[in-house]
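One letter stands for each residue in the lines below.
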Amino acid sequence: MYKRNNQGWLKHIDFIVIDAVCLQIAFVLAYIIRHGFMLPYSLEAYRTLALMLLAVDILTAAIFNTMHNVLKRGPYKEFAETLKHTAIVFAVMTLYMFSVQTGDVYSRIVMFLTAGFHLVIGYAVRMAWKPVVRRLVLDRPNATMILVADEARIPEILSHMSGASYISCKGIVLSDRDAEGETVEGIKVVANLSDAADYICREWVDEVFIYPDELRDFDIGAEGAVEEEASVAGLISQCRQMAVPVHIRLPLSDNGGKTIVEKVGGYSVLTTASNYATPMQLAAKRTIDIIGGLIGSIAALIIMAVFARRIKKESPGPLLFKQTRIGLNGKKFKIYKIRTMYMDAEERKQELMESNRVSDGMMFKLDWDPRVIGNKIVDGKQVTGIGEKLRSGSWDEWPQFFNVLRGQMSLVGTRPPTVDEWEKYKYHHRARLAAKPGITGMWQVSGRSRITDFEEVVRLDTEYINHWSIGLDLRILLKTVKAVFKKDGAM
C-alpha cells in the first residue's frame, strides 16, 4: 500500500506538536517564577488560559502556515519565523483577554515571561529537531522506481529527481522505442513497453513514474479500451491490477501555478490553479471580512449621515451610487459608494476619454474630473469641491463594506472592473478575477495614484493572488490604514 506524504500544514505536524509542548513548558516555567513552585493547571482560570494558548498556537500554525519549509530554513530565518509565530500567538491572546475583560485575572508578568520563554525554547527545540527529521528521512529504505518516458525526457526527469534521496531508480522503460538492454544516462533500460508489466510483476519494483508525451500516450478506443496493449495507458491499467503505485505526470500540469490532486464527480483529477486556500484559511478570511464588514458598515452609515445633506444640496439625487462591477470569476454585482459625481457623469465620460491618464483605456482616471460634485472652473482655475474631498480621503469607499457583508467583496482583494473595462480584457487580464474583489489590495497600497499602466495593476493583482495568505491580507490592511491617514495614493 502506498503511503502518501502529508500535504499543507499537516506536513509538519511533528513541529506543530513540539511547538505546542514548548509553549506549555514556557507557560509552566513563567507561572513558577511568578507564583512559586506549583502548577498553573491547579487553578481554573489558568487551566482555561493554557487551553486557549494551545488552541491559538495550533490555529496560528494552520492558518498562517508558519511551519512552511521549516526544514529548509537556516538559523536566522528560523529565528525570524519563530518570533513571528510567537508574536501572532500573544497578539491574539491579548485581544482575547481584552475582549472577555479577564486581563486583570492573569498576571502580566506570567504572560510576558511565557512569550519570552516560548521564543527561546521553541527556537532551540526546532533547531535541535531538524537534524533528527533529516536523519530519519535519509535513513529510511529507498523506494525502487521504474521510469517510463520518451528518451528525450529522461535527463530532465533524472535532474528533477536528483534531490529526492529516498528514491532509487531501478531501471528505465522507453515509451517511444524498443531499447531493452541499452543504457540511457547511465541507467539500464530494463524492458520494452510491451513487456514492462511482466518485468514489474517479477522484479522488486516499489513504484512506477510515468511521463507521457502530451496526449499521445492516452489513446482510448470508443468503448474505453486501450487501442493497443503496448501503450502507456495499457501499462497503467496493468500496474493497477498488480496494485503497484503509479505516479503520472499529467500533460500540461507544470505550466505555473499550484497543483493538487482531488476528486471531481467521482474522478481522480490533478487540478492546476494560480493558488489555493484550505477551508480553514477561507473560513478565517470570511470571519475577518464579517467582523470588518460590521464595523465598516456602522462607520459608513455615520459618514453617510454627515455628508448627505451637503451632497444632495449641490447635486440632487440619490446619496448612494450603484454600479455594476465584475466580481469573482466574472460574476456581476452592484457595488455601493457614496455618490461623488453629478447624475450625468456616465454620459459625459466619453467626451473626456482623451484626458484619461491610463493610456491603454483599460481603466478611466483623470487628474481633475469636472464630473465630480463641486468641481468647477473659476477665473480659469480648477476648483475642487465636496466630491473631491470625499474621494481624496476615500470617504466615498465606505459603503463597500455593505458588499463585504453580503459576501460580494472582501476587505482585501483585487479591484473590481467595470463592465466596459472587462469587455476589453485579454486572457492574462482575466487572472485578476480569480480572487474576490476587495476594498483594498496590493496595487492600492503600492501608490495607486501614481500607477497609470494597467499592466502594472494586473501584475500587482496577480502577485497578490499567487502569494495570498492571511498574513499578506493583514499586512495590506495595515498599509491601507497608514495610506488613508496620509492620504497617499487616493484616486
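The structure contained in this document is the topic of the report that follows. Just so it is clear, the model here is predicted, and its values are computed rather than measured.

1. Let's talk about the sheet that holds strand 2 (residues 167-174)
In step 1: The sheet built from four strands is open, its strands ordered 2-1-5-6 with parallel pairing. Every interior strand has two partners, whereas the edge strands, strand 2 and strand 6 (246-248), have only one. Ignoring which end each strand starts from, the neighbouring axes of this sheet average 25° apart.
In step 2: Across five bridges, strand 1 (residues 143-149) lies against strand 5 (residues 207-211) in parallel orientation. Bridge assignment links Met145 to a residue of strand 5, and that residue is Glu207.
In step 3: Across the face of the sheet, helix 5 (residues 154-161) comes into contact with strand 1, strand 2 and strand 5 while running at roughly 150° to strand 1.
In step 4: Those strands touched by helix 7 (residues 232-242) are strand 1, strand 5 and strand 6, and its axis lies near 160° from that of strand 5.

2. Remarks on unusual backbone geometry
In step 1: Unlike most non-glycine residues, Asn65 shows phi in positive territory, near 50°.
In step 2: By secondary structure assignment, the location of Asn65 is in the loop between helix 2 (44-63) and helix 3 (75-99).
In step 3: The class of Asn65 is partly exposed, set by a relative accessible area of 28%.
In step 4: Phi at Asn329 is positive, roughly 55°, even though this residue is not glycine.
In step 5: Following the sequence through the fold, Asn329 ends up in the loop between strand 9 (320-326) and strand 10 (332-338).

3. Considering the side chain of Lys130
In step 1: Mapped onto the fold, Lys130 is located in helix 4 (residues 108-139).
In step 2: In this structure the side chain of Lys130 is engaged in a polar contact, spanning 2.9 Å, whose partner is the backbone oxygen of Val70.
In step 3: Of note is the side chain of Lys130, whose polar atom sits 2.8 Å from the backbone oxygen of Arg73.

4. Examining a positive patch on the surface
In step 1: Residues Lys84, Arg475, Lys479, Lys482 and Lys486 make up a contiguous surface patch of positive charge.
In step 2: Sort the elements by how many residues they give to the positive patch and helix 14 (residues 470-486) lands first, with four residues.
In step 3: Residue Lys482 is classed as exposed on the basis of its relative accessible area, which comes to 55%.

5. Some remarks on the side chain of Arg432
In step 1: Checked against the element boundaries, Arg432 lands in the loop between helix 12 (419-422) and strand 14 (438-440).
In step 2: For Arg432, the side chain forms a polar contact with the side chain of Tyr425, separated by 2.5 Å.
In step 3: In contact with Arg432, not counting residues within four places along its chain, are Thr414, Arg415, Pro417, Tyr425, Phe454, Val457, Val458, Asp461 and Ile465.

6. Observations regarding the pairing of strand 5
In step 1: For strand 5, a buried count of five out of five residues is recorded, marking the element as mostly surrounded by other parts of the structure.
In step 2: The alternating pattern of strand 5 places Glu207, Phe209 and Tyr211 and Val208 and Ile210 on opposite faces, both of which are buried.
In step 3: As paired elements, strand 5 and strand 6 share three bridges and run parallel to each other. The residue of strand 6 that forms the bridge with Val208 is Val246.

7. Focus: the packing of helix 1 (residues 13-35) against helix 2
In step 1: Two numbers describe how helix 1 lies on helix 2: the axes approach to 10 Å, and their chain directions differ by 150°. Along this stretch, helix 1 crosses helix 2, giving a crossing that reads as right-handed. The residues of helix 2 that touch helix 1, namely those facing Ile16, Asp19, Ala20, Leu23, Gln24, Phe27, Tyr31 and His35, are Tyr46, Leu49, Ala50, Leu53, Leu54, Asp57, Ile58 and Ala61.
In step 2: Taken together, the residues of the contact of helix 1 with helix 2 sort by class into twelve nonpolar, two polar and two charged.

8. Focus: the pattern of salt bridges
In step 1: Applying the stated rule across the entire model yields 16 salt bridges.
In step 2: The closest approach of N and O atoms between Lys130 and Glu78, which form a salt bridge, is 2.7 Å. Note that Lys130 is positioned in helix 4 and Glu78 in helix 3, a separation of 52 residues in sequence.
In step 3: For Arg432, the salt bridge is made with Asp461, and the minimal N-O distance between the two is 2.8 Å. Here Arg432 is found in the loop between helix 12 and strand 14, whereas its partner Asp461 is found in helix 13 (residues 454-466), with 29 residues between them in sequence.
In step 4: Salt bridges sharing partners connect three or more residues here, namely Asp19, Arg73, Glu78, Arg126 and Lys130.

9. Description of helix 7
In step 1: Looking at helix 7, one finds that the buried residues are Val232, Ala233, Gly234, Leu235, Ile236 and Cys239.
In step 2: The inward-facing, buried residues of helix 7 abut strand 1, helix 6 (196-202), strand 5 and strand 6.
In step 3: Looking one or two residues beyond helix 7, the residue adopting positive phi is Ala243, at roughly 60°.

10. Regarding the packing of aromatic side chains
In step 1: Scanning all chains against the criterion turns up eight aromatic pairs.
In step 2: Summarising the aromatic geometry, the rings of Phe27 and Tyr41 are spaced 6.4 Å apart at their centres and angled 65° between planes, so their arrangement reads as edge-to-face. Taken together, the residues span a long stretch of sequence, with Phe27 in helix 1 and Tyr41 in the loop between helix 1 and helix 2 at a distance of 14 residues.
In step 3: Tyr41 gets classed as partly exposed once you look at its relative accessible area, which sits at 29%.
In step 4: Measuring from ring centre to ring centre gives 5.5 Å for Phe79 and Tyr123, while their planes differ by 85°; the resulting arrangement is edge-to-face. Of the two residues, Phe79 sits in helix 3 while Tyr123 sits in helix 4, which places them 44 residues apart along the sequence.
In step 5: For Phe79, a relative accessible area of 39% puts it in the partly exposed group.
In step 6: Among the aromatic side chains, those forming a connected cluster through ring pairs are Phe27, Tyr31, Tyr41 and Tyr46.

11. Remarks on the packing of helix 2 against helix 8 (residues 279-314)
Helix-helix packing is described using two parameters, namely the angle between the two axes and the distance between the axes.
In step 1: It is the contact of helix 2 with helix 8, at a shortest axis distance of 9 Å, that shows an interaxial angle of 105°. Compared by their axis directions, helix 2 and helix 8 come out roughly perpendicular. Seen from helix 2, the contacting residues are Leu59, Ala62 and Ile63; seen from helix 8, they are Met280, Gln281 and Ala284.
In step 2: Residues belonging to the contact of helix 2 with helix 8 are distributed by class as follows: five nonpolar, one polar and no charged.

12. So, the nonpolar core
In step 1: In terms of nonpolar packing, the biggest core is built from 26 residues, with Met409, Tyr464 and Ile470 touching the most fellow members.
In step 2: Mapped by element, the contributors of at least two residues to this core are strand 10, helix 11 (400-405), strand 13 (410-412), helix 13 and helix 14.
In step 3: With six residues, the top contributor of residues to this core is helix 13.
In step 4: Ignoring sequence-local partners within four residues, the contact set of Ile470 consists of Ile63, Phe64, Gln281, Ala284, Lys285 and Ile288.
In step 5: One finds Val148, Val190, Tyr199 and Val232 within the second-largest nonpolar core, a separate group that totals 18 residues.

Procedures and definitions
- Residues numbered from 1 in each chain as written.
- Predicted model: local features only at pLDDT ≥ 70, side-chain atom pairs only at ≥ 80, totals over all residues.
- Heavy atoms only, no water.
- Pairing = 2+ DSSP bridges.
- Helix = DSSP H or I, 4+ residues; strand = E, 2+ residues; numbered from the N terminus.
- Axes fitted to C-alpha atoms, helices over the stretch in contact; angles between N-to-C directions.
- Contact = heavy atoms within 4.5 Å.
- Buried < 20%, exposed > 50% of the residue type's maximum accessible area, 1.4 Å probe, protein only.
- Polar contact = N/O pair within 3.5 Å; in protein donor to acceptor, adjacent residues only side chain to side chain.
- Patch = residues over 30% accessible without salt bridge, like charges linked within 9 Å, V, L, I, M, F, W, Y side chains within 5 Å.
- Areas by Shrake-Rupley, 256 points an atom, 1.4 Å probe, with all protein chains shown as cover.
- Salt bridge = Lys/Arg side-chain N within 4 Å of Asp/Glu carboxyl O.
- Lys, Arg positive; Asp, Glu negative; His and termini not counted.
- Charge placed at Lys NZ, Arg CZ, Asp CG, Glu CD.
- Left-handed = near helix turned anticlockwise from the far one by under 90°.
- Nonpolar A, V, L, I, M, F, W, Y, C, P; charged D, E, K, R; others polar.
- Phe/Tyr/Trp six-rings, centres within 6.5 Å; stacked < 30°, edge-to-face > 60°.
- Parallel < 35°, antiparallel > 145°, perpendicular 65-115°, else oblique.
- Core = buried A, V, L, I, M, F, W, Y, C linked by side-chain atoms within 4.5 Å.

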